[in-house]
Amino acid sequence: MSFSAFLEGTSLLFGWPLFGWMLFGVVVGIFFGALPGVGSNLGIAISIPLTIPLEPLSAIIFLIGIYSGAAYGGSVASILINVPGSAANAATTIDGYPMSKQGKAIDALSIGAVASVLGGSIAVITLIVIAPVITLIVLAFGSAEYFLIAILGIAMIAIVTRQGSLMKGIVTGMFGFLLTTIGFAPLSGDYRYVFGRLELSDGISFIAVLLGLFAVAEMVKLSTEMGGIAEDDEGFTGSRKDGLLHVLRNPVRTIKSSYIGMGIGAVPGAGAATSNFVSYVEELRSSDDDPDSYGQGNPNGVLASEAANNGTVAGSLVPTLAFGIPGSGSTALLLGALLLHGLRPGPMMFSDNIHLTYAMFVGLLIGNVVIILLGLTLITSFGDWFTRIDTNRIIPIILVLCVLGTYSLRNNWLDVITVVGIGIFGYYWLRYNFPIIPFVLGVVLGPIAEENLFRSMQISGWDPTYFLTRPLSVLLIILTLLILFGPVIKTYWERETQT
Amino acid sequence: MPSEQLARKFDRMVQKIKGWITGEEVILLILIGASAFLLYGSRDFSTGGRVFPIMTSVITIIGSLLLIFKKYLPETFREAIVEDPEEDIVDELDELSEDENKRVFNEPETIAPMIPNDIAIMGLLVGYAVASYLITMFIATPLFVLIYSVWFKQPWYMIVGLTVTSVLIALGFDYALHFPIDRGVFIDELPFLQVI
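My aim in this report is to walk through the structure given alongside it, one point at a time. (Residues numbered from 1 in each chain as written. Chains lettered and ligands numbered in written order. Predicted model: local features only at pLDDT ≥ 70, side-chain atom pairs only at ≥ 80, totals over all residues. Heavy atoms only, no water.)

1. Examining helix α8 (residues 166-179) of chain A
Which entries qualify depends on this criterion: In DSSP terms, a helix is any run of H or I states spanning at least four residues, a strand is any run of E spanning at least two, and both are numbered starting from the N terminus. Helix span, as expected, comes to 1.5 Å for every residue beyond the first. Type-normalised accessible area, obtained with a 1.4 Å probe on protein chains alone, sets the label of each residue: buried when under 20%, exposed when over 50%, and partly exposed for intermediate values.
In a regular helix each residue adds 1.5 Å, so 14 residues correspond to 20 Å; α8(A) covers 20 Å between its end C-alpha atoms and thus fits that length. Here α8(A) lies mainly inside the structure; 14 of its 14 residues are buried.

What follows is the structure, encoded as structure tokens:
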């Protein structure tokens, strides 16, 4: 570990206003996460334009704080009203809500807070320790590999997210790439698809696309869920101390769930939506408890889910920062924010800028302190307030923030058209089960993918066999082909063995 | 009532169209059309500038065509790559949302129950964007929130509160990010905002 870089990153974080932005981000994240149907994606999306005046590291730390806070905040609605704040907290409902109905809502919320903090912290500390190993891997990548890993990322996300078919994922990913070709191409000097309009010369804003997909489309979808989140009073009782002690008495469970979350988070496309269920199922499988007790209010179910989803937060930063491959919608948004603020994922984040990477990791650790303080005090006292908010009151404000925020990016009306148009189109994509994460990845990574392709072609004198001369490139090509054609081979094999 | 008859007529027309083409196919046709347009446009670019657009548009078109004509594909390939495991769920959700819209007719949560919520919001959003362009964001923003809140039958104090909040948000953007919320096609600037 580069200790001096670690110290530099830590000292940056403990300075003002970076420290303040971290704390504020976590609080905002908890708020967004706790609102049913809202979650970290929306919180990050509408905050991105607001971070434009900030220093790059302040902006990223603030957004990471939202990500981390929301991963915990989603447990509030999961436990109190059986509606997960986001997919990352879906497994928490299985035992969290029954605990709430048994009069142990505060126990469950406390378990959620402590498990989130410990799970997240274990993952972050591990990443800080293994960062030098990650650096070695990242530095082995060149232009050809960065182009191929963008293609691999889309293929992986298309298959891992399991939304729609694999081909739908590839189509949306490629369409995302295609949209980024609009505007001035700095490498070739072409003005592409501008039709003489100045507004188009800067291309489509990927932030506008992200806002359209994650904010506008989601709000339109939320509006179709009739009315707001009305809540019958289930009673808000229980013991903070029991919840806290339960987690502290189960260190092995917590560590295991944290590493499950971290490992899955490091896989592009997997994310906390997957990790919380995998961790829950693993807990069910390996536990000495009566299996029938799960789903009836077993606190270990809440522990496993919440430790994993916060472990994922740290794990998902690795492919995002190292290769620019987001693990989820939230990290896709973080990636967009990184690029917006001039921080390019890749070797720089693990070499010259590694102190910034350490600052982000340490920021997550500090954010966990805020989570546990708020989780064991305010949330366990007033958490049920979130469940009484009528979403019809939030939706117009969020839409206003989207439109104003988008226009503020470049003072370009094309961005407003983009956010509204993509929002409407994205709503129908969601409705007809088209995966949006590959599209997001395409839009965010398109310029980087093209740049790396162009550079590779220039180096090779426009010889496509150049990709076959580099061992790492060949490996990535093989992996991509396996992902694309593996399901065909598997299906064919299964049919053959059945007959 | 005439409006109900109109709504039923519209509903029947939508059902008829749905019998010819699905929503998924419409989306795929849009993707094919857009990609073909961009593919055609790439012929004027330099060699370096056209590689990526050609590559991505061709893959998009081929992939979309495979999805549209998936029932004619070999079964193994279709099952593994093209088939949507949740297609039945999507169809069910479509039916459910139609049922939901019918329920809205009977138990209105909005002022004009014959228009589904999602269509209404999309219409309001487009109107907000157009109004912002024409008569300034500062005027369009509270108008949008006001109409939305009235549409969704919010209590009067919420309507006022949300509208005021939206004005404060617009002013906040102007103050913090210095972009012109008081410029529109029909309005050059709002004098009272200069004082603020």
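2. Focus on unusual backbone geometry
Residue and element names in this part refer to chain A. In this model, W16 is joined to P17 through a cis peptide bond whose omega is 10°. Note on placement: P17 falls in the loop between α1 (3-13) and α2 (18-34). Within the chain, N411 stands out as a residue other than glycine whose phi angle is a positive 50°. Position of N411 relative to the elements: it lies in the loop between α16 (391-410) and α17 (413-431). Exposure remark for N411: the relative accessible area of 37% places this residue in the partly exposed category. Although it is not a glycine, N433 sits at a positive phi angle of roughly 60°. Within the fold, N433 resides in the loop between α17 and α18 (437-459).

3. Quick notes on the nonpolar core
Nonpolar side chains in soluble globular proteins tend to end up buried together. Going by this rule: What makes a nonpolar core is a set of buried Ala, Val, Leu, Ile, Met, Phe, Trp, Tyr and Cys residues whose side-chain atoms join them at distances within 4.5 Å. In this analysis, two residues are considered to be in contact whenever any of their non-hydrogen atoms come within 4.5 Å of each other.
Formed by 198 residues in total, the largest nonpolar core has its most connected members in I46(A), F177(A), L404(A), W429(A) and F439(A). Setting aside anything within four residues of it in sequence, one finds F439(A) in contact with T172(A), G173(A), F175(A), G176(A), L179(A), V209(A), L213(A), I422(A) and W429(A).

4. Regarding the interface of chain A and chain B
The test is simple: Put simply, buried area is the surface a 1.4 Å probe can reach on two separate parts but cannot reach once they are joined, added for both. One speaks of a salt bridge when a side-chain nitrogen belonging to Lys or Arg is within 4 Å of a carboxyl oxygen belonging to Asp or Glu. Here the nonpolar group is Ala, Val, Leu, Ile, Met, Phe, Trp, Tyr, Cys and Pro; Asp, Glu, Lys and Arg are the charged ones; every other residue, Gly included, is treated as polar.
Counting from both sides, the interface comprises 68 residues of chain A and, opposite them, 76 residues of chain B. Between chain A and chain B, the buried area comes to about 6,600 Å², and carbon and sulfur atoms account for 77% of it. Remark: the boundary between chain A and chain B carries two salt bridges. One salt bridge connects D118(B) with R431(A), and the closest N-O pair in it is separated by 3.4 Å. Secondary structure elements with two or more residues in the side of chain A that touches chain B: α8, β2 (191-192), α9 (206-223), α16, α17, α18 and α19 (471-498) of chain A. The element that contributes the greatest number of residues to the side of chain A that touches chain B is α16(A), accounting for 13 residues. The class makeup of the residues in the side of chain A that touches chain B is 45 nonpolar, 14 polar and nine charged.

By themselves, these observations are geometric and do not establish any function.
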